[in-house]
Amino acid sequence: MKTFFRTMAAGLAVLFMALGSANAEVVYNRGNSADPESLDPHKTSTVYEGHILRDLFQGLVMQDAKAELIPGAAESWTVSDDGKVYTFKLRPDAVWSNGDAVTANDFVYSFQRLLNPETAAEYAGMLYPIKGAKEVNESKSSPETLGVKAIDDKTLEITLNAPTPYFLEMLTHQAAYPINKKNVDQFGADFVKPGNLVSNGAYTLAEFVPNDHIKLVKNPKFFDAANVEIDVVNYIPTEDRSAALKRYEAGELDSNDDLPTEQLDEIRAKFGDQVHIAPYLGTYYYTFKTDKKPWDDAKLRRAVSMAIDRDFLAEKVWKNSMFPAYSFVPPGIAGYEPSVADYGDMTQIEREDEAKKVLAELGYGPDKPLKMELRFNTSENHQNTAVAVQDMLKPLGVEVSLVNTDTKTHYGLLEQHGDYDVARAGWIADYKDPETFLRLLVTGDGSNYALYSNPEYDALMGQAASEADPAKRSKLLSQAEAIFVRDTPYIPLLFYSYHNIVSPKLQGFEDNVMDVHPTRFIKKTS
Amino acid sequence: MLGYVVRRFFSAIPTLFLIVTISFFVMRIAPGGPFNQEKGLNPIVKANLERQYSLDQPLWKQYLDYLNDLLHGDLGPSYVLPDFTVAELFRAGLPISIQLGASALILALLVGGALGVIASLKQNEPSDYSVIALATAGSTIPTFVIAPLLQLTFGLAFAWLPVGGWGGGGLSHKILPIITLALPQMAIVARLMRGSMIESLRSHHIRTARALGLSDLSVIVKHALRGAILPIVSYAGPAAAALITGSIIVETIFSIPGIGRYFVEGALNRDYTLVMGTVVVIAVFTILFNLIVDILYATIDPRVRYD
């Protein structure tokens, strides 16, 4: 009898093990700071959405684990000699998750939809380099006039207004992903719901419970499905960074894209190389309102900027989760050399002395202190930064008063060009090109919170926009940035970094300046 | 009684109307709008967005349109989460918040009530002092301290329960959030119960009951408790409305997909329709629970009559 039980037990154990390995689907629980605003690629804008949509869809071109450009739905492309016409050859084997072939007309439809004013796409503006795009978005012409044409089922031609060297990089943004027309026609706005959504990427949408999780499952019809190892990826919104870290520690999350940076020293000590912190293409800056006295004086602006100790901000306030900034464009864009402020090389004491001298020349001193109102949106770190800056400017006789409002009030005021002296803002690159930063200071840009207007700067940006030679263009942009540094409409304070925590079980989660980590390139060992 | 309920129902309509109207305009006074963000929008794009959500219409027209939609049961789209209508967000989140809130309330009433009774019977004895100490601690330690402490203890140190997440509604995922929600309520209920029991035990009818030679148990349960429970009932009504409409702190820390976060998040995001929807839901529950309290009063206290 004893032997019988022993045999039974052994048999059952083997059976369970066999069942276990047969069902061992690889699940990746991926912490993502916030839920997406939408899963409609044309209605999204944030990096949180980017992570999910990159798994669901394939644009013409995509990014690999290192954020390098790779073919996506297009297998190859050619560019005309004048740099204005791009011809894409689509993959013959690319299909949607419903089995339909991915055709050039899908892209024609998608680009037209993105720019159609009725779609009200936030990122429509990014695609204005396409011929006719701005006119369509302004309701001045019909979507059919857009410079995106299907030559045949698998050939797509996109015509631009000017050679735009960053065009391919731009196409990696989620706003340029295609959607399936049949799908939208059938379900209307509900096409994004689980069960409805048809996608052409490595994964398909299985579940979306707001504030709980988004479950994506591997798409067997994806052209490279054979090399996709993760079967299920659950995107879990982690608004509370401290709670998310505990969930990571408990093994409920395999990675998270943010950390409670105020505890960074302890976290580094505890988790070692599971913490991934490195520069990211983003700049944290203060903007002057340059059309308001006395901030219309470039000398004054430069003096204030010079006196701020970025090293202190980066090390003490941000615990090295940010890096000191002396240019507006962060380092890390291949082929571009940012123009850096010369005072970056001076010691802090020299900079303060120089700034004092300039302020005295301009007539400011103990009898006539410079008054400056500094506005920022509510956040503990923004507050600490502003208090530190207030303290740094005090020895110069600058009286800084702080005004703290919620994000919507803050940006509402900036957008309406309300009354402010200096205000906090930040910019994260949409694509790997200096233009994504420098265009902010072109006269009339929606995000030109400095209301900066310099014909010389605009002219250089204009020349760069029509320059087909990448090296020459890069030089023009660098010259424009040199003007920025001289005029200091913004005070670049810090460069952003990303702060991921990644389980040792994950491989292929590679550090890169865009903080892009497509799940299809990630592997997980148990 | 039925007439009373019907009267109350009809009197709730103007109350709701006032609440909706005031909230609508107060919300619009706040500077900024749903489409202001760190990455400023191109003016053409912003105009397209505002047109799509009719935010380019005059305010009075937007107000009338909102009222009209509301009368037809339409809470509108969420501006910030355009994949969902406000009604869809509530359909997904409200049952979760109700489950957690109702469980927490029941737990708080049972445990808090029992502790309060014990304290009142052992007045000025060690057990009374311990209940008072517990109750003071429970109502003064904020939720945002208790929740991470529970996570650290039961989620990480002992690893008995999940640190966060809803897990499709599994019991293990509910325990810590329910305890977190219940603790402060428990403390309040215990203190209320202790106070009203002491008062009730000193009243004339209890002295009479004791003089008549009734047993201790009968005096406490049948006579003292019945009078003492009234303040708890009036407290429990609004508390229930607050608990089942969710708590932003508990839901955020434990990653619970309830509706507690929508009020604050909606307001911060200027997601006008989401805020209005939340206001309507909270108002309806508050009115409903106040009505239930009044009905319970009449049932418990024979001196209260509505007809």
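Residues numbered from 1 in each chain as written. Chains lettered and ligands numbered in written order. Predicted model: local features only at pLDDT ≥ 70, side-chain atom pairs only at ≥ 80, totals over all residues.

Each helix and strand counted, chain A has 16 helices and 19 strands in total. Whereas a compact globule of 526 residues would reach a radius of gyration of roughly 24 Å, chain A reaches 26 Å, a difference of no more than 12%. Principal axes of the C-alpha set define a box for chain A whose edges measure 100 × 65 × 40 Å. A separation threshold of at least 6 residues defines the contact pool for chain A, and within that pool the share at least 24 residues apart is 68%. (Helix = DSSP H or I, 4+ residues; strand = E, 2+ residues; numbered from the N terminus. Rg over C-alpha atoms; globule rule 2.2 N^0.38 Å. Contact = placed C-beta atoms within 7 Å.)

In this section: the overall build of chain B. Check the secondary structure of chain B and you find twelve helices and zero strands. Start at the N end of chain B and walk to the C end: the helices and strands fall as α-α-α-α-α-α-α-α-α-α-α-α. With respect to the principal axes defined by its C-alpha atoms, chain B has extents near 85 × 60 × 30 Å. Residues counted as buried form 38% of the 307 residues belonging to chain B. Taking the intrachain contacts of chain B between residues at least 6 apart in sequence as the baseline, contacts between residues at least 24 apart amount to 72%. (Buried ≥ 20, exposed ≤ 12 C-beta atoms within 10 Å, placed from the backbone.)

Take the sheet that holds strand β6 (residues 148-152) of chain A next. Residues and elements named next belong to chain A. As summarised here, the arrangement of the four strands in space is β4-β5-β7-β6, forming an open sheet in which the pairing is antiparallel. This sheet does not close on itself; its edge strands, each paired only once, are β4 (74-79) and β6. On average, each strand axis in the sheet is tilted by 25° relative to the strand beside it, whichever way the strands run. The pairing of β4 with strand β5 (residues 85-90) spans five bridges and is classified as antiparallel. Note that in β5 the partner of A74 across the bridge is L90. (Pairing = 2+ DSSP bridges. Axes fitted to C-alpha atoms, helices over the stretch in contact; angles between N-to-C directions.)

What follows deals with the environment of G246 of chain B. Residue and element names in this part refer to chain B. Examined against the element boundaries, G246 turns out to sit in the loop between α9 (216-244) and α10 (248-253). Taking the number of C-beta atoms within 10 Å as the measure of exposure, G246 has 28 and is therefore buried. With eleven residues separating them along the chain, G246 and P257 place their C-alpha atoms 9.8 Å apart. Beyond its immediate chain neighbours, meaning those up to four positions away, G246 contacts S97, G101, E251, G258, I259 and G260.

Counting from both sides, the interface comprises 39 residues of chain A and, opposite them, 42 residues of chain B. Broken down by secondary-structure element, the contributors of at least two residues to the side of chain A that touches chain B are α7 (241-249), α13 (407-415) and β16 (422-428) of chain A. For the side of chain A that touches chain B, the element with the highest residue contribution is α13 of chain A, accounting for seven residues. Looking at the side of chain A that touches chain B, its residues break down into twelve nonpolar, twelve polar and 15 charged. (Nonpolar A, V, L, I, M, F, W, Y, C, P; charged D, E, K, R; others polar.)

Moving on: the nonpolar core. Counting 215 residues, the largest nonpolar core has L127, A307, L438, A480, L493 and L494 of chain A together with A190 of chain B as the members making the most contacts within it. Looking at this core element by element, the count peaks at 13 residues for helix α7 (residues 171-201) of chain B. With near-sequence residues (within four places) excluded, L493 of chain A lies in contact with Y284, Y285, Y286, I308, R310, L313 and A325 of chain A. (Core = buried A, V, L, I, M, F, W, Y, C linked by C-beta atoms within 7 Å.)

Next up on the list: helix α11 (residues 348-361) of chain A. Residues and elements named next belong to chain A. For α11, which comprises 14 residues, the first-to-last C-alpha distance of 20 Å matches the rise-based estimate of 20 Å (1.5 Å per residue) to within 8%. Turning to α11, its buried residues number three or more, namely R351, E352, A355 and L359. End-on view of α11: buried residues confined to an arc of 100°, all on one side of the axis. With respect to the buried face of α11, the exposed residues turned more than 90 degrees away are I349, E350, K357 and E361. Looking at the buried positions of α11, the neighbouring elements they touch are α9 (298-306) and β14 (370-377). Among the residues trailing α11, G363 stands out with phi positive, at a value near 95°. (Expected span 1.5 Å × (residues − 1). Arc of directions from axis to C-beta.)

We now examine the confidence of the model for chain B. Summarising the model, chain B shows a mean pLDDT of 91, and 100% of its residues fall at 70 or more. Across the interface, the model reports ipTM at 0.88; the global pTM reads 0.89. (pLDDT = per-residue confidence, 0-100.)

Before going further, it helps to examine the pairing of strand β17 (residues 490-502) of chain A. Residue and element names in this part refer to chain A. With 13 of 13 residues buried, β17 lies mostly within the body of the structure. Relative to β17, strand β11 (residues 255-256) runs antiparallel, the two being bridged by two bridges. Its bridge partner being in β17, S255 is matched across the sheet by V502. Pairing geometry for strand β12 (residues 275-288) and β17, over ten bridges, is antiparallel. Note that in β17 the partner of A278 across the bridge is Y498. Direction of pairing for strand β13 (residues 323-324) relative to β17: antiparallel, over a ladder of two bridges. What sits directly across from F323, in β17, is F495.

If a strand is regular, its side chains alternate between the two faces of the sheet. Residues and elements named next belong to chain A. Across six bridges, the pairing between strand β8 (residues 203-209) and strand β9 (residues 213-218) is antiparallel. Bridge pairing in β9 links L205 to L216. The hairpin formed by β8 and β9 contains three residues between the paired strands, and N211 there has a positive phi angle of roughly 65°.

Looking now at the environment of V281 of chain B. Residues and elements named next belong to chain B. Tracing the backbone shows V281 in helix α12 (residues 272-300). Separated by 166 residues in sequence, V281 and L115 place their C-alpha atoms 33 Å apart. When near neighbours in sequence (up to four residues on either side) are disregarded, V281 contacts F90 and T245.

Of all nine residues that make up α13 of chain A, eight are buried, and the element is covered over most of its length. Within the span of α13 of chain A, buried status applies to K408, T409, H410, Y411, G412, L413, L414 and E415 of chain A. Of the surrounding secondary structure, the elements contacted by the buried residues of α13 of chain A are β14, β15 (398-405) and β16 of chain A together with α11 (260-269) of chain B. Immediately downstream of α13 of chain A, the backbone of H417 of chain A shows phi near 55°, a positive value.

What follows is about unusual backbone geometry. In this model, K293 of chain A is joined to P294 of chain A through a cis peptide bond whose omega is 0°. At N124 of chain B, a residue that is not glycine, the phi angle is positive and equals roughly 60°. Note on placement: N124 of chain B falls in the loop between α4 (86-121) and α5 (126-140). Phi is positive for S255 of chain B, close to 50°, though the residue is something other than glycine.

Right, let's talk about the packing of helix α10 (residues 310-317) of chain A against helix α12 (residues 380-393) of chain A for a bit. Residue and element names in this part refer to chain A. Close contact between α10 and α12 brings their axes to 11 Å; oriented N to C, the two are set at 140°. Between α10 and α12, the angle is such that the two are oblique. The element α10 and its partner α12 pack so that their crossing is right-handed. Between α10 and α12, the contacting residues are F312, L313 and V317 on the first element and N381, N384, T385 and A388 on the second. (Parallel < 35°, antiparallel > 145°, perpendicular 65-115°, else oblique. Left-handed = near helix turned anticlockwise from the far one by under 90°.)

Residues and elements named next belong to chain A. With respect to the helices and strands, H382 occurs in helix α12. Between the C-alpha atoms of H382 and Y284, which are 98 residues apart in sequence, the distance is 9.9 Å. When sequence neighbours within four positions are dropped, the list of residues in contact with H382 reads F376, N377 and R424.

Turning to the confidence of the model for chain A, a few remarks are in order. Overall, the prediction assigns chain A a mean pLDDT of 92, with 96% of residues at 70 or greater. Here residues 14-22 of chain A scores under 50 on pLDDT; set against residues more than four positions off or in separate chains, the count is zero contacts.

With that settled, the discussion passes to the packing of α4 of chain B against α7 of chain B. Residue and element names in this part refer to chain B. With their axes 5 Å apart at the nearest point, α4 and α7 run at an angle of 35° to one another. Of the two elements, α4 crosses α7, and the hand of that crossing is right-handed. Its residues placed into classes, the contact of α4 with α7 shows 23 nonpolar, seven polar and three charged.

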